[in-house]
Amino acid sequence: MTELSRFLSSRFSGLKAYVPGEQPKDTAYIKLNTNESPYPPAPQVIEAISRGEIEKLRLYGDPECTELRKTLAEYCSVTPEHLMMGNGSDEILSFVFMAYCDKNTGVSYPDISYGFYSVYADLYGISSEEIPLKENFAIDPEDYRNRGRTIVLANPNAPTGLCLTVEDIEKIVASNPDNVVIIDEAYIDFGGQSCIPLVRKYDNLLVVQTYSKSRSLAGARLGYAVGNPALIHDLNRLRFSVNPYNVSRLTMLAGKAAIEAQPYYDNKNAEIILTREYASAKLKELGFLLTDSRANFILAKYPGMGGSALYEGLKARGILVRHFNKPRISDFVRITIGTKEQMDAMILSLEEMLGI
Ligand SMILES: *Cc1c(COP(=O)(O)O)cnc(C)c1O
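Residues numbered from 1 in each chain as written. Predicted model: local features only at pLDDT ≥ 70, side-chain atom pairs only at ≥ 80, totals over all residues. Heavy atoms only, no water.

Draft legend 1. Looking closely at the site of the ligand. All residues adjacent to the ligand are G88, S89, D90, Y114, D184, A186, Y187, T210, S212, K213 and R221. In this structure, an oxygen atom belonging to the ligand sits 2.6 Å away from a main-chain N or O atom of S89. Between an oxygen atom of the ligand and a main-chain N or O atom of D90, the distance comes to 2.9 Å. Here the element with the most residues in the shell around the ligand is helix α4 (residues 88-100); it accounts for three residues. Here the shell around the ligand is built from residues that sort into three nonpolar, four polar and four charged. (Near = heavy atom within 4 Å. Polar contact = N/O pair within 3.5 Å; in protein donor to acceptor, adjacent residues only side chain to side chain. Helix = DSSP H or I, 4+ residues; strand = E, 2+ residues; numbered from the N terminus. Nonpolar A, V, L, I, M, F, W, Y, C, P; charged D, E, K, R; others polar.)

Below you can see the structure in the form of structure tokens.
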């Protein structure tokens, strides 16, 4: 990369930007590195993007996403006033950090979690606190009681895949009545229980979900926040101060059609869960150690072999996985659940690498 210019505000001179997983230009790889779905969007989604709708792109979209929010609200058993749509949940999280944290109201999140949390804290000059996961990578809910700070938890957590129960989360939310608790449910459709039903009971709970993982729409960029209408009002104030047309016309249509095609996705997600259990059992047979993932990925290590050796060995065999060169998880790789055929190819490569 080239150097920064001499014009960049000094506020950002030390900013460490998020590093996304590789998006190779050649499609030869079996891509198991960024938790995308191996399945295409539902046929109804593809039909929704008609030629006529493409022609309408000369017009701005609806900044309120009225139709989409109506459909999604019904699915979530809330009202449209409980929902704000974003250009991916990353954008939602950006507004959340902007809205509910600063130098005085700091933020707490686990030491091992989604990498964007620390980037946003850094970007907005927020005082942040990283709370260590337990030895077994579990989040101890006790650590988050009466914290007196904004709290951000991914549930299931990334990249461990471990899940808290709704009861655990409710205790955290109830014990921090003067702070917002954000639950990032990017992977909730792969085996966890959503906290959305709690948003009517607690005015300090905000649930964030995405279409990227369980609805095969990572490239469309669509995410949403579910919370008390006052919280949604706050977030909209910021959204209208940055980019009111943050969700494109085509993405809105795709998002509405995807909710209407929910049975298709329920099927595909069930398939992904089965494949996760299949691949996990195979890896354990080979001697790998795994967390008990409830997400569309597994986190695995092989005793005596580092994570970067696993990553490099698989890459040399045409399979991309994710390695985090970070304390505590550097021995692991995170493997997205693909089709059964892709997992078989991955397992075959591992056997070859281990000389089995
Ligand atoms: C993938 C992911 C997101 C971001 O998803 P978008 O594509 O921006 O909707 C947010 N949180 C977690 C924990 C994720 O893994």
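Draft legend 2. How the structure looks around the environment of T165. Along the chain, the position of T165 falls in the loop between β5 (150-154) and α6 (166-174). By relative accessible area, T165 is classed as partly exposed at 39%. Taking C-alpha positions, T165 is 26 Å from F324, a pair spaced 159 residues apart along the chain. Within polar-contact distance, the side chain of T165 engages the backbone nitrogen of D168 at 3.0 Å. (Buried < 20%, exposed > 50% of the residue type's maximum accessible area, 1.4 Å probe, protein only.)

Draft legend 3. Inspection of the domain arrangement of the protein chain at higher detail. Domain parsing of the protein chain yields domain 1 (17-40 + 263-354) and domain 2 (43-260). Computed over C-alpha atoms, the centres of domain 1 and domain 2 are 25 Å apart. Taken together, the contact between domain 1 and domain 2 spans 30 residues of the former and 32 residues of the latter. Of the roughly 2400 Å² buried between domain 1 and domain 2, counting both surfaces, carbon and sulfur atoms make up 63%. The largest per-residue losses of area from domain 1 upon contact with domain 2 belong to Y18, Y265 and R328, which jointly make up 30% of the total buried on that side. For the pair domain 1 and domain 2, the number of links is one salt bridge. As a salt-bridge pair, R328 and D111 come within 3.0 Å of each other at their nearest N and O atoms. For the interface between domain 1 and domain 2, the tally reads 11 residue pairs in polar contact (both at pLDDT 80 or more). The set of elements that each furnish at least two residues to the side of domain 1 that touches domain 2 consists of α9 (262-286) and β10 (297-301). For the side of domain 1 that touches domain 2, the per-class residue count stands at 16 nonpolar, seven polar and seven charged. (Domains from an automatic or database assignment. Contact = heavy atoms within 4.5 Å. Buried area = accessible area lost by both parts, 1.4 Å probe. Salt bridge = Lys/Arg side-chain N within 4 Å of Asp/Glu carboxyl O.)

Draft legend 4. Main features of the environment of C195. Mapped onto the elements, C195 comes out in the loop between β6 (181-184) and β7 (205-210). According to the relative accessible area criterion, C195 is buried, its value standing at 0%. C-alpha separation for the pair C195 and E185, spaced 10 residues apart in sequence, amounts to 8.6 Å. Those residues in contact with C195 that lie beyond four places of it in its chain are V166, I169, E185, L205 and V207.

Draft legend 5. Highlighting the packing of aromatic side chains. The tally for this structure, following the rule as stated, stands at 15 aromatic pairs. Pairwise contacts between aromatic rings join Y18, F97, Y109, Y114, F116, Y117, Y120 and Y124 into one cluster. Lying across the ring of Y211, R215 places its NZ or CZ 4.8 Å from the centre. Across from the ring centre of Y278, 4.5 Å away, lies the NZ or CZ of K340, which sits over that ring. (Phe/Tyr/Trp six-rings, centres within 6.5 Å; stacked < 30°, edge-to-face > 60°. Lys NZ or Arg CZ within 6 Å of the ring centre and 35° of its normal.)

Draft legend 6. Fine view of the sheet that holds strand β3 (residues 107-110). An order of β2-β8-β7-β6-β5-β3-β4 is seen for the seven strands of this open sheet, with the pairing classed as mixed. On the outer flanks of this sheet lie β2 (83-86) and β4 (128-131), each paired with one strand and no other. Neighbouring strand axes in the sheet, compared pairwise and without regard to direction, differ in orientation by 20° on average. Bridge analysis of β3 against β5 gives two bridges, and the strand direction is parallel. If you follow S108 over to β5, its bridge partner there is I151. Helix α5 (residues 116-123) contacts β3, β4, β5 and β6 of the sheet and is inclined by roughly 160° relative to β3. Contacts from helix α7 (residues 229-242) reach β2, β7 and β8 (223-227) within the one sheet, and its direction differs from that of β2 by about 30°. (Pairing = 2+ DSSP bridges. Axes fitted to C-alpha atoms, helices over the stretch in contact; angles between N-to-C directions.)

Draft legend 7. Spotlight on unusual backbone geometry. Cis peptide bonds are those with omega within 30 degrees of zero, and the linkage from N155 to P156 qualifies with -5°. Tracing the chain through its elements places P156 in the loop between β5 and α6. The peptide bond linking A158 to P159 adopts the cis configuration, its omega dihedral lying at 0°. With respect to the helices and strands, P159 occurs in the loop between β5 and α6. Phi at C65 is positive, roughly 50°, even though this residue is not glycine. Owing to a relative accessible area of 3%, C65 belongs among the buried residues under this scheme. Despite not being glycine, S216 shows a phi value in the positive range, around 55°. Following the sequence through the fold, S216 ends up in the loop between β7 and β8. Since its relative accessible area comes to 13%, S216 is described here as buried.

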